[in-house]
Amino acid sequence: MKTLIVFLLSAMMALGADISGKWMFEVTTDQGSGTPSFEFKQAGDKLAGTYKGAFGEGKLEGSVKGDAVQFTVTTDNGKIVYTGTLDGATKIKGKVDLAGIGTGTFTGTKQ
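Because the structure is predicted, anything quoted here is derived from the model rather than measured. (Residues numbered from 1 in each chain as written. Predicted model: local features only at pLDDT ≥ 70, side-chain atom pairs only at ≥ 80, totals over all residues. Heavy atoms only, no water.)

This next bit is on the packing of aromatic side chains. The tally for this structure, following the rule as stated, stands at 13 aromatic pairs. With 6.4 Å between their ring centres and 55° between their planes, Phe25 and Phe40 make a pair best called tilted. Of this pair, Phe25 sits in strand E1 (residues 21-29) while Phe40 sits in strand E3 (residues 37-43), placing them 15 residues apart in sequence. Here the two residues Phe25 and Phe40 agree in accessibility, since each one is buried. Look at Phe71 and Tyr82: their rings are 4.8 Å apart centre to centre, the planes differ by 15°, and that puts the pair in the stacked class. Note that Phe71 is positioned in strand E6 (residues 68-75) and Tyr82 in strand E7 (residues 78-86), a separation of 11 residues in sequence. Each member of the pair, Phe71 as well as Tyr82, carries the same accessibility label: buried. By the ring-pair criterion, three or more aromatic residues cluster together here, those being Trp23, Phe25, Phe38, Phe40, Tyr51, Phe71, Tyr82 and Phe106. (Phe/Tyr/Trp six-rings, centres within 6.5 Å; stacked < 30°, edge-to-face > 60°. Helix = DSSP H or I, 4+ residues; strand = E, 2+ residues; numbered from the N terminus. Buried < 20%, exposed > 50% of the residue type's maximum accessible area, 1.4 Å probe, protein only.)

Counted as a void, the largest pocket has a volume near 230 Å³. Looking at the lining of the largest pocket, the element that brings in the most residues is strand E2 (residues 32-34), giving 3 residues. Tallied by class, residues from the lining of the largest pocket come to 8 nonpolar, 7 polar and no charged. (1 Å grid on protein atoms, 1.4 Å probe; cavity = no way out; pocket = protein on both sides within 12 Å on 5 of 7 lines; lining within 4 Å. Points joined across faces, edges and corners; volume = space filled by probe spheres on them. Nonpolar A, V, L, I, M, F, W, Y, C, P; charged D, E, K, R; others polar.)

Moving on to the pairing of strand E8 (residues 91-98). Alignment of E7 against E8, held across 7 bridges, turns out to be antiparallel. If you follow Thr83 over to E8, its bridge partner there is Lys95. Connecting the antiparallel pair E7 and E8 is a turn made up of 4 residues, with Gly88 showing a positive phi of about 80°. With 7 bridges connecting them, E8 and strand E9 (residues 103-110) associate as antiparallel partners. Looking at the pairing, Gly94 lines up with Phe106 of E9. Here E8 folds back onto E9, and the loop between the two strands holds 4 residues, one of which, Ala99, carries a positive phi near 50°. (Pairing = 2+ DSSP bridges.)

Right, let's get into the nonpolar core. One recurring pattern in soluble globular proteins is that nonpolar side chains are buried together. If you look at the biggest cluster of nonpolar residues, it comprises 21 residues, and the most contacted ones within it are Ile19, Phe25, Phe38, Phe40, Phe71 and Tyr82. Listed by contribution, the elements that provide at least two residues to this core are E1, E3, strand E4 (46-53), strand E5 (56-65), E6, E7 and E8. Among all residues touching Phe40, those that are not within four sequence positions of it are Ile19, Ser20, Gly21, Trp23, Phe25, Leu47, Ala48, Leu60 and Phe71. (Core = buried A, V, L, I, M, F, W, Y, C linked by side-chain atoms within 4.5 Å. Contact = heavy atoms within 4.5 Å.)

Shown next as structure tokens:
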């Protein structure tokens, strides 16, 4: 019985937190800063959703594996790639590549 409980807890931790919901990000780059919003929908380790920000609006796809979060936003203005780490269930911090025209850092907070 103890082995089963340890196994189930380990499996839950490996899947990571479910980050589904609305998020606000603060993005800082050499070209300036912005505050895009996201709505994430997570199913297992797959991530989908929407983006609204300085690059317009777009759909996103990515993954959540443990505390690692990675997703790509596709807009009419290019692709934006976010790579970060969960800090608890309500914060994400990491790096962003803005359609190849610049890079920066971000902090996201679940609303």
